[in-house]
Amino acid sequence: EFRRVLFRSDNCKVLKMKIEIEEFTRQLEEELEGMKPGTLQPETVYHELDSWNSMYALLVIAFVDSNFNVQLNAQDLKNTKTVRQLYDLVASRTN
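Below or above, wherever it landed, is the structure these notes cover. (Residues numbered from 1 in each chain as written. Predicted model: local features only at pLDDT ≥ 70, side-chain atom pairs only at ≥ 80, totals over all residues. Heavy atoms only, no water.)

### Quick word on unusual backbone geometry
Positive phi, close to 55°, is recorded for Asn-69, a residue that is not glycine. Examined against the element boundaries, Asn-69 turns out to sit in the loop between helix 2 (54-68) and helix 3 (74-79). (Helix = DSSP H or I, 4+ residues; strand = E, 2+ residues; numbered from the N terminus.)

Here's what the structure looks like:
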C-alpha cells in the first residue's frame, strides 16, 4: 500500500492511497476514451482540455467510484481544477 505524505508547516498528515499520483493520472487518462496518452499530467487543468465534455465528467465520477469507492458529484469536479487536486480530494475521502 502506498502512503503519501503531505507536509504542512511543521507537521505532516499521511493519506492512504493505493496508487501514486502518476499512476492515478495514467489510469484516469485510459478511462477517458479517445484521449491521447500523455495528455494528462498532475498539473493539467483537466476540464479545460479541448476534448473535455459531460461524458468525461461522468467517466471521472464512475472511475473514482469503482476504483476507490469514493462518491464524487458535479460540484466536486467544479471545485477541483487539476488532476492533482482531484487526486487529493479522492485521497482525503479514502481515510
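There's more to say after this.
### Digging into the packing of helix 1 (residues 21-31) against helix 4 (residues 83-93)
The contact between helix 1 and helix 4 brings their axes to 10 Å, and the two run at 105°. It follows that helix 1 is roughly perpendicular to helix 4 by the angle criterion. For the pair formed by helix 1 and helix 4, the contact residues are Ile-21, Phe-24, Thr-25 and Leu-28 on the first element and Val-83, Arg-84, Leu-86 and Tyr-87 on the second. (Axes fitted to C-alpha atoms, helices over the stretch in contact; angles between N-to-C directions. Parallel < 35°, antiparallel > 145°, perpendicular 65-115°, else oblique. Contact = heavy atoms within 4.5 Å.)

### Description of the pattern of salt bridges
Inspection of every chain in the model, using the stated rule, returns four salt bridges. Measuring nitrogen to oxygen at the nearest pair gives 2.2 Å for the salt bridge that ties Glu-30 to Arg-26. Here Arg-26 and Glu-30 lie together in helix 1, a separation of four residues that amounts to about one turn. On the basis of relative accessibility, which here comes to 36%, the residue Arg-26 falls in the partly exposed class. Between Arg-84 and Glu-43 there is a salt bridge whose closest N-O contact spans 2.4 Å. Here Arg-84 is found in helix 4, whereas its partner Glu-43 is found in the loop between helix 1 and helix 2, with 41 residues between them in sequence. What makes Arg-84 partly exposed here is its relative accessible area of 28%. Three or more residues joined by partner-sharing salt bridges are found here, namely Glu-23, Arg-26 and Glu-30. (Salt bridge = Lys/Arg side-chain N within 4 Å of Asp/Glu carboxyl O. Buried < 20%, exposed > 50% of the residue type's maximum accessible area, 1.4 Å probe, protein only.)

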